[in-house]
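As a plain string of letters, each chain reads:
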2 protein chains.
Amino acid sequence: MNFRHSVATIALATALLATSVRADEGMWTFDAFPAAAMKQAYGFAPDQAWLDRVRGAAVRLTGGCSASLVSGNGLVLTNHHCVVDCVQTLSTPERDSVKTGFVAGALPKEAKCPGQQGEIVTAITDVTPTVKAAIGDLTGGALVKARNAARAKIESEGCTDPKRERCQVVTLFGGNQYKLYKYHKYSDVRLVFAPELQAAFFGGDPDNFNFPRYALDFGFLRLYEDGKPVATPGHLKWNPRAPKPDEAVFIVGNPGSTQRLFTEAQRAMRRQYNLPTNLLQLSELRGRLIEAMASDPEKARTGADELFGIENSYKALFGQYRSLLDPAFSGTLATAEATLRAKVAADPALAQRIGDPWADVDKAMAAYRNVYYPYRQLSSIGAGQLAGYAEAIVRAAAERTKPNGERLPEFTDAALPLVEKGLTDARPVYPWLEELNLCFSLSKTREYLKVDTAEVRALLGKESPEALAKRLVGGTKLADPAVRKALFDGGAAAVAASTDPMIRWVAANDAAARAIDLRFKAEVEGPTTAAATRLNAARFAVYGDTLYPDATFTLRISYGKVAGWVENGVAVPPVTRIAGLFDRATGSVPFDLAPSLEKAKARLDPQTLMDFVTTNDIIGGNSGSPAIDRDGTVIGAAFDGNIHSLGGNFGYDPALNRTVIVSAAAIQAALDHAYDGRAISAELKR
Amino acid sequence: MNFRHSVATIALATALLATSVRADEGMWTFDAFPAAAMKQAYGFAPDQAWLDRVRGAAVRLTGGCSASLVSGNGLVLTNHHCVVDCVQTLSTPERDSVKTGFVAGALPKEAKCPGQQGEIVTAITDVTPTVKAAIGDLTGGALVKARNAARAKIESEGCTDPKRERCQVVTLFGGNQYKLYKYHKYSDVRLVFAPELQAAFFGGDPDNFNFPRYALDFGFLRLYEDGKPVATPGHLKWNPRAPKPDEAVFIVGNPGSTQRLFTEAQRAMRRQYNLPTNLLQLSELRGRLIEAMASDPEKARTGADELFGIENSYKALFGQYRSLLDPAFSGTLATAEATLRAKVAADPALAQRIGDPWADVDKAMAAYRNVYYPYRQLSSIGAGQLAGYAEAIVRAAAERTKPNGERLPEFTDAALPLVEKGLTDARPVYPWLEELNLCFSLSKTREYLKVDTAEVRALLGKESPEALAKRLVGGTKLADPAVRKALFDGGAAAVAASTDPMIRWVAANDAAARAIDLRFKAEVEGPTTAAATRLNAARFAVYGDTLYPDATFTLRISYGKVAGWVENGVAVPPVTRIAGLFDRATGSVPFDLAPSLEKAKARLDPQTLMDFVTTNDIIGGNSGSPAIDRDGTVIGAAFDGNIHSLGGNFGYDPALNRTVIVSAAAIQAALDHAYDGRAISAELKR
């Protein structure tokens, strides 16, 4: 329920890998699958045709999830928690589909998900020489600028049809490699089916990231193009069978971000600053939301997805924090760094070539500590959907007047279509939630940066966070997509002429936000990238070419097997069955049964396999990834990791780290016996 | 506004002092004032008569504050934030004295503060040999048991009039010294005067722990005995003059708790576990309270004092956390430990005598990590006023059946009168706040310990935290002081017969709570005390007899001088004036003017000195302490420290650490020109 990729958790994409991989470890790119290693461990490995077919059926959802094509008619399997945001935007006070579930039943009733886009990789090209040539010997802010310009140019030249194509240059191995990913994009994604939230998220936050687990965390979408379902003959075959113990399983999806083998200094930064600060702010915001939602059923309905996101991020980050406090876990990471440093030191030519990147990272982290709070609080202006719209409008207007290569990366020609889609898609705005988020972020900015700082004075003027948030949210017209479209289309002139209070407020504070962003790039991002490039060169020199890059929310494949683990001396079995759901239900939130399941009890075979765990190495962003068997058929959808998987941000522990999957067997049973899933069931069998 | 002592922040009272003191450093006991050191630095030092007189006028408030006698009629000066809890209990929805201020004007209108007790030290006796003899060579849980028994016996024998006397054995230097403090206690404390909250706490949380500052954080109480004001001829003289730069100032009060020179392992434990966990839970609770209070003016009124306490604790603990992350600050502490260890190692006889207490502390901290979350979440049952009443009733009933020496320390004969007063004093209960606190603590216990833990299952049964809290708060009769008194008086039989749901729930979970407490004592407290005793022996051996013990919420005296400091190269002046208040006011919360001050603007001399800072070394619990000049007259009341003082929990930095004081001059101006303070003013002059 938690492996949706939260943008808030993307940190510097500069993890510094420093060791060789362990059994089942690795989030591999499709152009570098470790077939030999897998064959040695499992006695077989997929061939290129298998890989190509799977790659062509793997869908990235720009909302932060993964998915797969499971019919020839554009039907997409993913997690419930990847579609719940869409279900909520389609709900009303009178008809809460989050609570009751959503069954389209027929094509005309399938409903467009605002902001959602599906993307399928069509080509991967190595562009390392071009980007590295553009960077040359630059460092600091100049490095970042040159790299971004090179990326913008490659992306712009790589995709000529902005309506159907998307190009992205991806930084791998901390800047040691650059790859151009080309996608076919589907900007019309519609909701087909979602069970009740309570069926998908049985056990709620307490059971999240735990196992045994009894969640039906699945949902179906459909890709459309030109108003019609897309023909997808290359889809994966649906296979609602129970997986067997120890059988090989592949997870194919888009892990969002990992920080495997950061240097010790980077991990210390994260342990001391990023994680505690994010956790503290998430905690207070969680408290504010819980209490606001308790005061009003309509707030409870409209705040639910944000609360889920907060609690999910909180638990994931807390798991990271605890893993870094674990002496055994962090000791392993420290040893890996020490080993690499020793190997470099033992090779004078290598040492001469790469210098001391660890010391450079130390310096960059010292700079990061100094800029951390201002960068965190000021580099985005305000918080919430409306402030986000205003920031995108104000910045897009300014950036579009510049040459493509000189823009902020978020506003290059390649990036603008998704910005525009986000701005112009209609979606509900809940003023109470906007006020709450904006007021909260302002109060934290004041708290962390102090009342008398110039930037804080400029943000607040003589108003309190409460009064300012109320005035801006109450006064802005940005909830209207037509207003947003007019401002976006009108560009700099329209923004300059706008009297919308949110636009004016964001515009007045944009220069300060950009200044802190530039400082961060010059003092932290640039130096870290320069160091990481050399550090990864050392790593390749020492460990050879069989390594995988950190996660970047791009397509990866992981192999593993169905297997439980041992927790404090007790074996945790790898599977749960539907009988267990009914045993665990107490009748109290969040352990109450979804009405559809309660009613279907007699019709559901208690022995049906429900959820299962595997040794696959995944992370947030992999939510909705198909679990694929040796034959390339879909036997489930990954939706979570166990509690030990949270340390997976920094390192993979084969003994403990597990992926949690809802089985195709359970999904089939739910479609057949608990919901009106006849149409989908028929389509899946076709 | 923040130096009230929060019981939640009391940790193991086992700080391990390991260095010699620096200029103006030290919270000195009255039986060991460093007159020679002060004389050397300041050219004079108080004599014994001066010290005795001041000691006799210093009042400890059991609510967690300090205070002083300032008239011959029992009038007590303290901080507003030390009386605001009382003001709130005396308020109603119709008359919110927190907002409007409270002026008794005459004795009959002075109102009893529930739960409050004033205590004045009458004797300090060294009982180290007796306690050490009782402990002998014991360790672990046995050490704790023997020590507590010895303390109970000494306290019981030391005070023969439980109505007017209180005896407490205080552990100093981590168990190296034990002193019996004998107090005259005044269990009838009444409210005389409080300004508006907004005058006392101008700038609110953003300005808390900051300077320059414009807060009139004062209030007046009166001690009563047998229904009449107490005659207090030994009071301190009121002296509403402006302090002079660099003049010597004494702060006399009860610093609550410090952890100066914990070992590195203890600081790591605090940095990694105690501080983040407490901060995270305070954050969420803060968010819940803020939002609940925003939904309803009556909740805003009745939740205000708890929210203040949470925000104040949060800021104090966050300051501690940041100080431990500061490489310079923590480097100094690490060096001090290394120096002491080196000196011990260089003295074979000493090394032989004390062994390796650092290694013992390391082991105790490893055990602490393992027991940390269960101990934190389970050793008290539930949260909130009603659950606290139930726990006190259930435990007192059980403990009173045991011999005095075998009881939990909170329920010895010496401790019981204050327990009884807390239980039987009438004070308002706000059911919404009770539900919120209880629900929150239950949800955190489930989150940290997991749903399937036996203790969590026992606490919750099949209910959710929300439903259980609602049922217990809704069903209990413990809001009625007569019910509480009957249960307390009725003892074990009454508790066993009670059908009150809160009593039954607490009783059902008491064994588990006691078990984790015993485990903590055996594995953490006992071993840490044993090690600390030896470590402080080493410290005395190396540094001689001129050290001060960690704070223990007992009477201390600190000397220092009026002085600003340099912040990022900019000099911060040591005083503020009333003009600055009007300059800083924006009209927006929390920078709006209190109505009385706004109205009085023309009558107030803008040059009147308002708040000032000194180099005195204080900490939470010192709130309300008199600032006393060389002549023994009161020139202000300490109410805060600057942001750097928060690291003062671990170490004192003479360059940066400052005490914040509201001047007697400003108090006098407020009494004369902004409030109807004629009666008090006249009494102060008498």
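Parameters and conventions
Residues numbered from 1 in each chain as written. Chains lettered and ligands numbered in written order. Predicted model: local features only at pLDDT ≥ 70, side-chain atom pairs only at ≥ 80, totals over all residues. Heavy atoms only, no water. Helix = DSSP H or I, 4+ residues; strand = E, 2+ residues; numbered from the N terminus. Rg over C-alpha atoms; globule rule 2.2 N^0.38 Å. Buried < 20%, exposed > 50% of the residue type's maximum accessible area, 1.4 Å probe, protein only. Contact = heavy atoms within 4.5 Å. Areas by Shrake-Rupley, 256 points an atom, 1.4 Å probe, with all protein chains shown as cover. Arc of directions from axis to C-beta. Least-squares fit on C-alpha atoms with pLDDT ≥ 70 in both. Core = buried A, V, L, I, M, F, W, Y, C linked by side-chain atoms within 4.5 Å. Buried area = accessible area lost by both parts, 1.4 Å probe. Salt bridge = Lys/Arg side-chain N within 4 Å of Asp/Glu carboxyl O. Polar contact = N/O pair within 3.5 Å; in protein donor to acceptor, adjacent residues only side chain to side chain. Nonpolar A, V, L, I, M, F, W, Y, C, P; charged D, E, K, R; others polar. Disulfide = S-S within 2.5 Å. Phe/Tyr/Trp six-rings, centres within 6.5 Å; stacked < 30°, edge-to-face > 60°. Lys NZ or Arg CZ within 6 Å of the ring centre and 35° of its normal. pLDDT = per-residue confidence, 0-100. Axes fitted to C-alpha atoms, helices over the stretch in contact; angles between N-to-C directions. Parallel < 35°, antiparallel > 145°, perpendicular 65-115°, else oblique. Left-handed = near helix turned anticlockwise from the far one by under 90°. Pairing = 2+ DSSP bridges.

Novice: Before we go on, may I ask you to explain the overall build of chain A in this structure?
Specialist: Helix and strand counts for chain A come out as 24 helices and 21 strands. Relative to the compact-globule value of 26 Å for 686 residues, chain A shows a C-alpha radius of gyration of 24 Å, a close match. Projected onto its principal axes, the C-alpha positions of chain A cover 65 × 65 × 50 Å. Each of the 686 residues in chain A was classed as buried or not, and the buried ones make up 62%. A fraction of 81% describes how many contacts in chain A between residues 6 or more apart in sequence connect residues 24 or more apart. Accessible surface, chain A: about 24000 Å² in total, of which carbon and sulfur atoms supply 55%.

Novice: What is the right way to look at helix α24 (residues 678-685) of chain B in this model?
Specialist: For an α-helix the count is 3.6 residues per turn, leaving residues at separations of three or four pointing the same way. All names here are of chain B. Every buried residue belonging to α24 is among I680, S681, E683 and L684, and all of these are buried. Relative to the axis of α24, the buried residues are bounded by an arc of 165° and lie together on one face. Within α24, the exposed residues directed more than 90 degrees away from the buried face are R678 and K685. Buried positions along α24 lie against β3 (75-78), β9 (188-194), β10 (219-225), β12 (237-238) and α23 (664-674).

Novice: I'm lost on unusual backbone geometry in this one. Help?
Specialist: Backbone phi values are negative for most residues with the exception of glycine, while trans is the configuration of most peptide bonds. The amide bond that connects A:V589 to the next residue, A:P590, takes the cis arrangement and shows omega of -5°. Within the secondary structure layout, A:P590 lies in the loop between α21 (578-584) and α22 (595-600). Look at B:D24: it is not a glycine, yet its phi comes out positive at around 65°. Structurally, the position occupied by B:D24 is in the segment before α1 (35-42). Taking relative accessible area as the criterion, B:D24 reaches 7% and is therefore assigned buried. Even without glycine at this site, B:K450 takes up a positive phi of about 80°. Here B:K450 shows up in the loop between α16 (431-449) and α17 (454-460).

Novice: Help me understand the relation of the copies chain A and chain B, please; the structure alone is not making it clear to me.
Specialist: The two chain copies are connected by a rotation around an axis plus a translation along it. Note on the copies: chain A fits chain B at an RMSD of 0.0 Å, the axial shift is 0.0 Å, and the rotation between them is 180°. A rotation of that kind, with that shift, is consistent with a two-fold axis.

Novice: I tried to follow the nonpolar core on my own but got confused; where do I start?
Specialist: Within soluble globular proteins, side chains that are nonpolar tend to cluster in buried spots. Ranked by internal contacts, the top residues of the largest apolar core, which has 159 residues, are A:L478, A:M502, A:W505, B:L478, B:M502 and B:W505. Excluding its chain neighbours within four sequence positions, the residues that come into contact with A:L478 are A:L386, A:Y389, A:A390, A:I393, A:V483, A:R484, A:L487, A:D500, A:M502 and A:I503.

Novice: Help me understand the environment of B:C82 in this model?
Specialist: Residues and elements named next belong to chain B. When you line up the elements, C82 lands in helix α3 (residues 80-89). Looking at C82, the relative accessible area reads 7%, which means it is buried. Sequence spacing of C82 and F639 is 557 residues, and the spatial spacing of their C-alpha atoms is 9.3 Å. Residue contacts for C82: discarding those within four places in its chain leaves C65, Q116 and S623.

Novice: Help me understand the interface of chain A and chain B, please; the structure alone is not making it clear to me.
Specialist: By a widespread convention, an interface's size corresponds to the accessible area lost as its parts come together. At the interface, 44 residues of chain A touch 44 residues of chain B. Both faces considered, chain A and chain B share a buried interface measuring about 3600 Å² in area, 54% of it formed by carbon and sulfur atoms. At the surface where chain A touches chain B, the tally comes to six salt bridges. We note a salt bridge from B:R584 to A:D452, for which the minimum N-O separation is 3.1 Å. In this assembly, chain A and chain B are joined by eight residue pairs in polar contact (both at pLDDT 80 or more). Elements with a contribution of two residues or more to the side of chain A that touches chain B: α8 (204-207), α9 (264-294), α10 (297-325) and α16 (431-449) of chain A. Per-element tally for the side of chain A that touches chain B: the top contributor is α9(A), with 14 residues. Here the side of chain A that touches chain B is composed, by residue class, of 20 nonpolar, seven polar and 17 charged.

Novice: Hey, could you run me through the state of the cysteines in this one?
Specialist: Here a disulfide denotes one covalent bond, and it connects the sulfur atoms of two cysteines. Residues and elements named next belong to chain A. All told, the structure shown has six disulfides over all chains when counted by the stated rule. The disulfide partner of C86 is C113, and the S-S distance across this bridge is 2.0 Å. Here the disulfide of C86 and C113 is left-handed, its torsion about the S-S bond being about -85°. One end of the pair, C86, is in helix α3 (residues 80-89); the other, C113, is in the loop between β5 (111-112) and β6 (118-126), and 27 residues separate them in sequence.

Novice: Explain the packing of aromatic side chains to me, please; I cannot follow it from the model alone.
Specialist: Two aromatic rings are characterised by how far apart their centres lie and by the angle between their planes. The full count for this structure, using the stated rule, is 46 aromatic pairs over all chains. Ring geometry for B:Y372 versus B:Y373: centroids 5.2 Å apart, planes at 70°, classification edge-to-face. Accessibility expressed as a relative area gives 3% for B:Y372, which makes it buried. Aromatic rings pair up to connect A:Y273, A:Y368, A:Y372, A:Y373, A:Y375, A:Y448, A:F520, B:Y314 and B:F318 into one cluster. The lysine or arginine in question, A:R190, covers the ring of A:Y224, its NZ or CZ lying 3.8 Å from the ring centre.

Novice: Would you explain the side chain of B:R166 in this entry?
Specialist: You can see B:R166 is positioned in strand β7 (residues 165-172). Setting aside its immediate chain neighbours within four residues, B:R166 contacts B:R60, B:T62, B:Q117, B:E119, B:C159, B:Y181, B:K182, B:Y183, B:K185 and B:L418.

Novice: Could you clarify how one ought to interpret the confidence of the model for chain A in this entry?
Specialist: Do not read the fine detail of predicted coordinates wherever pLDDT is low. Mean pLDDT over chain A stands at 95; residues scoring 70 or higher make up 97%. Across the assembled chains, the prediction reports ipTM 0.95 with pTM 0.96.

Novice: Would you mind going over the environment of A:A458 with me for this structure?
Specialist: All names here are of chain A. Tracing the backbone through its elements, the reader meets A458 in helix α17 (residues 454-460). Residue A458 is classed as partly exposed on the basis of its relative accessible area of 48%. The spatial distance from the C-alpha of A458 to the C-alpha of W505 is 9.4 Å, given a sequence separation of 47 residues.

Novice: What should I look at first to understand the packing of helix α14 (residues 385-399) of chain B against helix α19 (residues 481-497) of chain B in this one?
Specialist: What describes two packed helices is the angle between their axes and the distance between those same axes. All names here are of chain B. At a minimum axis separation of 8 Å, α14 and α19 run at an interaxial angle of 45°. On the basis of their axis angle, the class for α14 and α19 is oblique. The two elements α14 and α19 meet at a crossing, and its hand is right-handed. Residues Y389, I393, V394, A396 and A397 of α14 touch α19, and the partners they reach there are R484, L487, F488, G491, A492 and V495. In terms of residue class, the contact of α14 with α19 is made up of nine nonpolar, one polar and one charged.

Novice: Sorry, what's going on with the side chain of B:Q377 here?
Specialist: Residue and element names in this part refer to chain B. Here Q377 lies in helix α13 (residues 357-378). On the basis of relative accessibility, which here comes to 9%, the residue Q377 falls in the buried class. A distance of 2.8 Å separates the side chain of Q377 from the side chain of Q281, its partner in a polar contact. Beyond its immediate chain neighbours, meaning those up to four positions away, Q377 contacts Q281, S441, K444, T445, Y448 and L449.

Novice: Would you explain the pairing of β7(B) in this entry?
Specialist: Consecutive residues of a regular strand have side chains that alternate between opposite faces of the sheet. Residue and element names in this part refer to chain B. Counting buried residues in β7 gives six out of eight residues, a clear majority hidden from the surface. As judged from the eight bridges shared by β7 and strand β8 (residues 177-186), these two strands associate in the antiparallel manner. Residue pairing across strands places V169 opposite L180, the latter belonging to β8.

Novice: Would you take a moment to explain the pattern of salt bridges for this structure?
Specialist: Two side chains with opposite charge may pair up if their charged atoms get near one another. Following the criterion strictly, the structure yields 90 salt bridges over all chains and no others. B:K179 is the salt-bridge partner of B:D31, the closest N and O atoms lying 2.9 Å from each other. A residue pair is termed long-range when its members are at least 10 positions apart, and B:D31 in the segment before α1 and B:K179 in strand β8 qualify at 148 residues. A single network of salt bridges, built from pairs that share partners, joins A:D205, A:R286, A:E311, B:E284, B:R288, B:K444 and B:E447.

Novice: Please explain the environment of A:V613 as it appears in this structure.
Specialist: Residues and elements named next belong to chain A. Relative to the helices and strands, V613 is located in strand β18 (residues 609-614). Residue class for V613 comes out buried when judged on its relative accessible area of 0%. When the C-alpha positions of V613 and P245 are compared, they lie 9.8 Å apart, and in sequence the two are 368 residues distant. The contacts of V613, once residues within four sequence positions are left out, are F211, K561, V562, A563, G564, W565, P574, R658, T659 and V660.

Novice: Could you clarify how one ought to interpret the pairing of strand β20 (residues 633-641) of chain A in this entry?
Specialist: Residues and elements named next belong to chain A. Counting buried positions over the nine residues of β20 gives nine, a clear majority of the element. Here three bridges tie strand β19 (residues 626-628) to β20, and the two strands are oriented antiparallel to one another. Of the residues in β20, the one forming a bridge with A627 is G636. Remark: four residues form the turn of the hairpin made by β19 and β20, two consecutive strands paired antiparallel; G632 in that turn has positive phi of roughly 85°.

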